[in-house]
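Observations on the model geometry
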Amino acid sequence: MENKFELVGKRPTVLTESKKRRTLRGKPVISVSFILVLILACSFCELFMPKDPTYMDLYNADAAPNGEFFFGTDAMGRDIFSMIWYGGRISLFIGFFATVISVFIAVIFGSISGLAPKWVDSILMRFTELLLSIPSLLLVILLQAIMGKANVLSISIILGLTGWMSMAKVVRSEVRQIRESEYVIAARCMGAGFWRIVWKHLAPNFVSSIMFMAVMNVRSAIVAESTLSFIGMGLPLEIISWGSLLSLAERSILSGSWWIIVIPGVFLVLTLLCLTNIGNHLRKAVNRKESNL
Amino acid sequence: MSEIILDVRNLTHHFGIGKKLSVKALDNVSFAVKKGEIFGLVGESGSGKSTVARCVMNILKPTSGEIFCEGINVLNPKEFKKNKKQLEASRQLIFQDSASSLNGRMTVREIVSEPMKIHKVKPPRGTFDAEAEFQLFYVGLDKSLLDKYPTELSGGMRQRVAIARALTMEPRLLVADEPISSLDVSVQAQIINLFAHLRCEHNCSILFIAHDLSVVRYLCDRVGVMCKGKLVELAPVEKLFASPRHPYTKALLSSIPIPDPRLERERVMEKFDYDPKLLSGKLREVSEEHFVLWGDEE
Amino acid sequence: MIRENPFVYYGKKLFVFLLSLFILSLAVFFISRLAPGDPLVSYYGDRVEKMSVEEREWAENKLGLNESLPVQYGRWAKNALCGDFGISYKYKMEASEVIGERIGNTLVLGGIGFLLTFVLALGLGILCAYYEDKWLDKLLCRVGTITSCIPEFWLSLVLILIFSVNLNLLPGSGAYSIGNKDDFGDRMLHLVLPLAVVVINHLWYYAYMVRNKLLEEVRAEYVLLGKAKGLSKRKIIFRHCLRNIMPSYLSLMAISVPHIMGGTYIIETVFSYPGIGKLATESARYKDYNLLMLICLISGAVVILCNIIAQIINERIDPRMRESRHIEEGEVAENGK
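In this text, all values refer to a predicted model and were calculated from it rather than measured experimentally.

What counts and how
- Residues numbered from 1 in each chain as written.
- Chains lettered and ligands numbered in written order.
- Predicted model: local features only at pLDDT ≥ 70, side-chain atom pairs only at ≥ 80, totals over all residues.
- Helix = DSSP H or I, 4+ residues; strand = E, 2+ residues; numbered from the N terminus.
- Buried ≥ 20, exposed ≤ 12 C-beta atoms within 10 Å, placed from the backbone.
- Contact = placed C-beta atoms within 7 Å.
- Expected span 1.5 Å × (residues − 1).
- Pairing = 2+ DSSP bridges.
- Axes fitted to C-alpha atoms, helices over the stretch in contact; angles between N-to-C directions.
- pLDDT = per-residue confidence, 0-100.
- Left-handed = near helix turned anticlockwise from the far one by under 90°.
- Nonpolar A, V, L, I, M, F, W, Y, C, P; charged D, E, K, R; others polar.
- Core = buried A, V, L, I, M, F, W, Y, C linked by C-beta atoms within 7 Å.

Turning to the overall build of chain C, a few remarks are in order. When helices and strands are counted, chain C shows 14 helices and two strands. With 337 residues in all, chain C has 34% of them scored as buried. Put simply, of all contacts in chain C between residues at least 6 apart along the chain, 72% involve residues at least 24 apart.

So, on to the overall build of chain A. What chain A contains, in helices and strands, is twelve helices and zero strands. Out of the 293 residues in chain A, the part that is buried amounts to 41%. Restricting to contacts in chain A with at least 6 residues of sequence separation, those with at least 24 account for 70%.

For helix 5 (residues 69-81) of chain C, built from 13 residues, the straight-helix expectation of 18 Å at 1.5 Å per residue is met to within 8% by its first-to-last C-alpha distance of 18 Å. Within two residues after helix 5 of chain C, G83 of chain C carries a phi angle of roughly 95°, on the positive side.

Another aspect to go through is the sheet that holds strand 6 (residues 91-94) of chain B. Residues and elements named next belong to chain B. Across the sheet, eight strands lie side by side as 6-7-8-3-9-10-12-11; this open sheet has mixed pairing. The open sheet terminates on both sides in strands that have one partner only, identified here as strand 6 and strand 11 (282-287). On average, each strand axis in the sheet is inclined to that of its neighbour by 20°, with strand direction left out of account. Bridging between strand 3 (residues 38-43) and strand 9 (residues 222-227) involves five bridges; their strand directions are parallel. Bridge pairing in strand 9 places L41 opposite G224. Contacts between helix 11 (residues 247-254) and the sheet are confined to strand 9 and strand 10 (230-236), with strand 9 contributing the most and set at about 105° to the helix.

Time to look at the confidence of the model for chain C. Mean pLDDT over chain C works out to 75, with 79% of the residues at or above the 70 mark. Segment residues 323-337 of chain C: pLDDT under 50, and ten contacts once partners within four positions in sequence are set aside and those in other chains are kept.

The contact between helix 12 (residues 258-282) of chain A and helix 8 (residues 152-166) of chain C brings their axes to 10 Å, and the two run at 145°. For the element pair helix 12 of chain A and helix 8 of chain C, the recorded crossing hand is left-handed. The residues of helix 8 of chain C that touch helix 12 of chain A, namely those facing W258, I261, G265 and L268 of chain A, are W154, L157, V158 and L161 of chain C. Of the residues belonging to the contact of helix 12 of chain A with helix 8 of chain C, the class tally is seven nonpolar, one polar and no charged.

Moving on, we get to the environment of L116 of chain C. Relative to the assigned elements, L116 of chain C resides in helix 6 (residues 95-130). Taking C-alpha positions, L116 of chain C is 9.2 Å from V198 of chain C, a pair spaced 82 residues apart along the chain.

Take the environment of T271 of chain A next. Residues and elements named next belong to chain A. Structurally, the position occupied by T271 is in helix 12. Owing to 23 C-beta atoms within 10 Å, T271 belongs among the buried residues under this scheme. Once the C-alpha coordinates of T271 and I35 are considered, the two residues, 236 residues apart in sequence, prove to be 6.8 Å apart. Among all residues touching T271, those that are not within four sequence positions of it are L38 and I222.

V210, L292 and I295 of chain C are the most contacted members of the largest nonpolar core, which totals 122 residues. The residues touching I295 of chain C, leaving out its near neighbours within four places in the chain, are I99, I276, L279 and A280 of chain C. With 82 residues, the next largest nonpolar core counts Y183 and A186 of chain A together with L6 and V232 of chain B among its residues.

Attention now goes to the confidence of the model for chain A. All names here are of chain A. Taken as a whole, chain A shows an average pLDDT of 76; of its residues, 80% reach a score of 70 or greater. The secondary-structure element of chain A with the lowest mean pLDDT is helix 1 (residues 19-24), recorded at 58, while helix 3 (residues 80-115) shows the highest, at 87. Of the regions scoring below 50 in pLDDT, residues 285-293 engages in 16 contacts with residues more than four places distant in sequence or in other chains.

Attention shifts here to the pairing of strand 3 of chain B. All names here are of chain B. Buried residues dominate strand 3, accounting for six of its six residues. Of the two faces of strand 3, both are covered, the one formed by I38, G40 and V42 as well as the one formed by F39, L41 and G43. Relative to strand 8 (residues 205-209), strand 3 runs parallel, the two being bridged by four bridges. Counted as the bridge partner of F39 is L207 from strand 8.

What follows deals with the environment of R56 of chain C. All names here are of chain C. Tracing the sequence through the fold places R56 in helix 4 (residues 53-63). Exposure remark for R56: the 14 C-beta atoms within 10 Å place this residue in the partly exposed category. Along the backbone, R56 and L294 are 238 residues apart, and their C-alpha atoms lie at a distance of 25 Å.

With that settled, consider unusual backbone geometry. All names here are of chain B. Positive phi is not limited to glycine here, since N58 has a value of about 65°. Positive phi outside glycine occurs at K228, with the angle close to 50°. Considering the arrangement of structural elements, one finds K228 in the loop between strand 9 and strand 10.

Structure below.
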């Protein structure tokens, strides 16, 4: 008799994990700590750098990694180990600063477009789509050619100016969604100005959805900087960054000094990978509904 | 007491649907709210009550008509711009759903003091915090709620916070767009009493929008009945309940349940079949201060 | 919604295309005029320095440099419509000729790379969705995330280092060996490494897109119905789910043409592959504005065209999109109320 009716919806008891484990589970701990260590090491690199990264030790040019030069030296005899930390500073700075500029433009542009009447909105959106469709590298090259000789600031500004479009689109659609909500109307009735509405009422709502894009923006800015420097359109050799470090690599192919290519590249790729991991974590987890298959 | 604070004249609003269709949400609505009075606006859902509120608050721009708020024509862009600051302080709106009219990411303290910060008013009680505390006390909430977020409060508390926010600017006109219909009945009573109390203390006028007739009967001085975007009857509350003239009003009144079961059993529901003939014509005065929409042919 | 007359519809698209092209040309023209450097130099090259004052004036008159910018633009546009884009400063010949020589190489590299990416991404995406959360899917996801993080130029360098320098298997630069210009096999051999970079770099992004779209699709109710009917897993995916994601995949690919194109620009530079990408970076380095402008114009036109194609795919081919537009219009009416 007892087995005649089965209890529907009965769930097996799940053992809960300890609290500390639960808060850390699924979070990109390794990636975050790698980035933090990298930032710290780059900002305080003077404390442990064995060599002066700008000093050209021509007797030891193209030396393979050894006890004195941990990662070897480049064609001009500079110590790669020191240059990585020293140059990482500039690469990371460009990544973050360009992102700050992009986010700033995206928030303002997106909010204006989202709050504006329909026809203004569609004009602004066509404009962003037009900009978005131009290969950004070409745009950067064009701007860079106009701005003349590159330095850290100009390159960050150019990358910031060319990277805001997709974020602005997200901001705009979020704003469109909440602009009809009653608390925004209420704030308008109270006479709140544009900035106040954006900052107090809209921003807290879209900040989570652009966080992911901002992290990805850091990533693509770092890639763009290194690519530009590599093809000789970005930072000159004297300003050490991961990109300009790699720009010597083409010559080193012929001399077979693999460490000039591989070691800075591994650092670059690891950084990008960690940023991607963090970004993916920030993005809403894919719908984990049971598959119907 | 007969000074008029809000005068709505021939208000008409059409919503366009697509290119050819449009819906007449408001059709030639006129009424006036006197100083210190609670004016009720009742009607079924979709009858255009909220549209009136939104037009009065300049959220919507009506197709035609005039609205005077303390003698200022708020629909005239020039005049509105000139008096914008003053209007924004003296008119306040309370929404139906407090869950969505309060920003869920601000604390009660920030919400209540926001209007003062926007208008850069010096709080009468010294600091913003003291003012927020006072307003919360006034609407019957404890100051321990100041650092809570709206989602942590119950519906009644939230609505009180919304009222407190409106009160910080010492408004002369309060537009309450169905402020109680999302609340439980027991909480409704508290809020209604709060409104009655407000009128006595602040001497502010209230445009009270509701669909619950018994609430209107208890609270309001005069009532306007709306149906399909038209004002069909306008009368002091006692007169309206004693001798309704328009068939729609009659039908509406007959739908109020009577708390006595014996009488309730004998209650007859009157029907109103939205005869367009009964919804045309203009308001005529049938007795003192009692206006009814009456067709032309009679 | 009443369906528009196709002539009107495509006419509108054509109009949008021409308008965008016009705006693009305006932008390119004014930006190049903002650029530092004497336009005369970019037109006549070093000869400018030897010119006398009168000659200079004559030249400026001829080019219309002393007139207002809009007039200059009109003149430039007129010349451009006749196919005259000025002279390339570096190559000392017509800019259009210089590009004509190279564009074929870029089309081969970009086109084959695009097709390969397209097909492989679809296959990989289906594979991942089919084995969702199994080890294969997990492995592919990991590898994919890593490869998508590698910058193109570095990947190219590493591949050259391994296959060309150390193993000496494949050529690492150029489009053909010297003297072997017409040898098909030699050309293919030169294409292997650049193609590998193009594919590896973009593959995962699109494969992941396919995978996610398919997984979304698999959670739909109709799949349950198909399963109840007794269809096999393979049949459901290939016959039903795939058909539903195809239009959006196609339009995504149409939009992605510029991205893959932008990628080939860098790859061409690293492999010194004589295409317009290498030309673009070179002309930027040597301040060869006429050439750079033309390259920008061509790339921009391709991009605009691709976007319009994507729009047409979205609006015309996918019946659900048509439906959703219908619903959207209904929603607008609802909101208005």
